[in-house]
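Report on the structure
The primary structure of each chain is shown beneath.
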Amino acid sequence: MGTVDSQKKQNNQINEQLLIQALIDDQIDVFRTEFIESHPYDQANFFTSLNEELRPKVYHYLSPEEMATLFEIMEIDETEYEGLLAEMSPIYAADMLSLMYADDAADVLNEIDKEQAGSYLTIMNDESAREIKELLSYEEYTAGSIMTTEFVAIEANQTVRSAMYILKKVAPKAETIYYIFVVDDNKKLAGVLSLRTLIVSDDDTMISEIMDDRVVSVSVTEDQEEVARQIRDYNFLAMPVVDFQNRLLGIITVDDIIDVMDEEASDDYSKLAGVSNLDTVDKSPISAARKRLPWLVILLFLGMMTASLIGQFEETLSQKAILAVFIPLIGGMAGNTGTQALAVAVRGIATGDLEHESKWKLIIREAGTGLITGFVCGVVVTIVVFIWQRDLLLGGLVGISIFTTLIFATLAGSLVPLIMHKMKIDPAVASGPFITTINDIISILVYFGMATVFMKYLI
């Protein structure tokens, strides 16, 4: 098996070398023969690996239609689209964009300068430009912004024979043909049927007799994250998008939803990590620092609040210096526990699982979890401190502090994102660093508050 895999890798490397050499030697026939026979995914990877000197030759060797296929599946930083389009002639770029699926072309134009996008739209054919402009008009991150207008729609009052004729005519341009949507005379969504149902039905059967009128759809203004959740729940390959009058405007396919889920997951992780954006890898330390500094400065001031709080217990520390040793332990345990609870709550909100479960159940469950983990950790640390310092009261103080702070930390980690979600604020901004800082403050108050009360027994 290893030999076979090694041979495949070697063959792929040989093909890349041949393609590069063909570009260098201006051997268009050799290049096209090797390139066209490759899988589109491999073609896209090869193209993105080329430098700016060789890419213009690819534009010369490939037609706009062939280049459109590459652009639809390329996995590159969105900021690179403008540079790639600038390498092409305006007419070539406009032709390529008009041959792409409308939603993909809109995604590309949405990432470049508005003036440049407008110039491409003026060169395109009227039909393509109209469809792309319509998609660009929808608010970003909504169903309208990610839907495609290339779909198969038939009417309920026609036969299977006539529907098959329409399908054959429209299929080459449609993004998917596995779902066929049915509309009435006013273009309102009336039903749906699968390609299999259409094929196995008699030619003279009316579409209204075989369609399913219990069709699930989403509003054009629906948030893309909610659309992703519905497609996941219903296990659809495509979801119809309608306006407020239930007129069919477009469809969202599962491949676009996979991109949305990846984007949303990356966005949530970025916020949990306290970083503005992790979608791209910064090419310079200055760019990376610019994104991270706002969060770090905010956390710096929160940290200074924590330091100031410790200063309020300076007298307590001066009487029993050993208390300072356990500050990182209690603060760290509280931060870790709070972040775990935060992750559970944010994930539940993001996946929609909490919509089917009482919020109080989550809070009670997390409180119970904090109680159990706090008790176990408190007992363990009490024993360890007693063995280490030969001071049972000190061990009990640290153990009870951990027990109490872990309960509060778990509750804070689950309550904060729920409250933010209720206030229509993205709960992911209740990031790990913020929860950690909040729990640091709680743990210090609990620890030194108890130490101050019982100081006369500690000395």
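Owing to the predicted nature of the structure, the values given are computational and were not obtained by experimental measurement. (Residues numbered from 1 in each chain as written. Predicted model: local features only at pLDDT ≥ 70, side-chain atom pairs only at ≥ 80, totals over all residues. Heavy atoms only, no water.)

**Observations concerning the UniProt feature "transmembrane region" (unreviewed entry) in the chain**
- Those residues carrying the UniProt feature "transmembrane region" (unreviewed entry) are residues 293-310, 322-346, 367-388 and 394-420 in this numbering.
- Counted over residues 367-388, helix gives 100% and strand 0%. Its end C-alpha atoms are 31 Å apart.
- Annotated as residues 394-420, this span is 100% helix and 0% strand, and its ends, taken at the C-alpha atoms, are 38 Å apart. (UniProt positions renumbered as here; feature names shortened; annotations may be inferred. Helix = DSSP H or I, 4+ residues; strand = E, 2+ residues; numbered from the N terminus.)

**Details of the nonpolar core**
- The biggest cluster of nonpolar side chains holds 57 residues, and the ones touching the most others in it are Phe-31, Met-67 and Phe-71.
- Aside from chain neighbours lying at most four places away, what touches Met-67 is Phe-47, Val-58, Tyr-59, Leu-62, Met-88, Tyr-92 and Met-96.
- If you look at the next biggest cluster of nonpolar residues, it comprises 21 residues, including Ile-330, Val-381, Ile-402 and Ile-444. (Core = buried A, V, L, I, M, F, W, Y, C linked by side-chain atoms within 4.5 Å. Buried < 20%, exposed > 50% of the residue type's maximum accessible area, 1.4 Å probe, protein only. Contact = heavy atoms within 4.5 Å.)

**Some details on unusual backbone geometry**
- Its identity as a non-glycine residue notwithstanding, Asn-235 has a phi of 60°, on the positive side.
- Mapping Asn-235 onto the fold places it in the loop between helix H15 (224-234) and strand E5 (238-242).
- You will see that Arg-390, though not glycine, has its phi angle at about 55°, which is positive.
- Positionally, Arg-390 belongs in the loop between helix H20 (359-389) and helix H21 (392-422).

**Points about the packing of aromatic side chains**
- According to the stated counting rule, one finds twelve aromatic pairs in the structure shown.
- Ring centres of Phe-47 and Tyr-59 lie 5.9 Å apart, and the angle between their planes is 55°; this geometry places the pair in the tilted category. In this pair, Phe-47 sits in helix H3 (residues 40-49) while Tyr-59 sits in helix H4 (residues 55-61), placing the two residues twelve residues apart along the sequence.
- In this structure Tyr-59 comes out as buried when scored by relative accessible area, which is 6%.
- Here Phe-326 and Trp-388 contribute two aromatic rings whose centre-to-centre distance is 5.7 Å and whose plane-to-plane angle is 75°, an arrangement assigned as edge-to-face. Of this pair, Phe-326 sits in the loop between helix H18 (314-319) and helix H19 (327-351) while Trp-388 is found in helix H20, placing the two residues 62 residues apart along the sequence.
- Looking at Phe-326, the relative accessible area reads 3%, which means it is buried.
- Pairwise contacts between aromatic rings join Phe-31, Phe-35, Phe-46 and Tyr-61 into one cluster. (Phe/Tyr/Trp six-rings, centres within 6.5 Å; stacked < 30°, edge-to-face > 60°.)

**A short note on the sheet that holds strand E2 (residues 179-183)**
- With mixed pairing, three strands are arranged side by side in an open sheet as E1-E2-E3. Looking at which strands have only one partner, the edges of the open sheet turn out to be strand E1 (153-155) and strand E3 (189-194). Ignoring which end each strand starts from, the neighbouring axes of this sheet average 35° apart.
- Of the pairings in the sheet, the one linking E1 to E2 comprises three bridges and is parallel in character. When the sheet's bridge partners are listed, Glu-155 is paired in E2 with Val-183. (Pairing = 2+ DSSP bridges. Axes fitted to C-alpha atoms, helices over the stretch in contact; angles between N-to-C directions.)

**Observations concerning the packing of helix H8 (residues 102-109) against helix H10 (residues 126-136)**
- The N-to-C vectors of H8 and H10 enclose an angle of 60°; their axes lie 9 Å apart at closest approach. Compared by their axis directions, H8 and H10 come out oblique. When the axes of H8 and H10 are compared, the crossing they make is right-handed. Taking contact as the criterion, the partners of Ala-102, Asp-103, Ala-105, Ala-106 and Leu-109 in H8 are, on H10, Glu-131, Ile-132, Leu-135 and Leu-136.
- Residues of the contact of H8 with H10, tallied by class, amount to seven nonpolar, no polar and two charged. (Parallel < 35°, antiparallel > 145°, perpendicular 65-115°, else oblique. Left-handed = near helix turned anticlockwise from the far one by under 90°. Nonpolar A, V, L, I, M, F, W, Y, C, P; charged D, E, K, R; others polar.)

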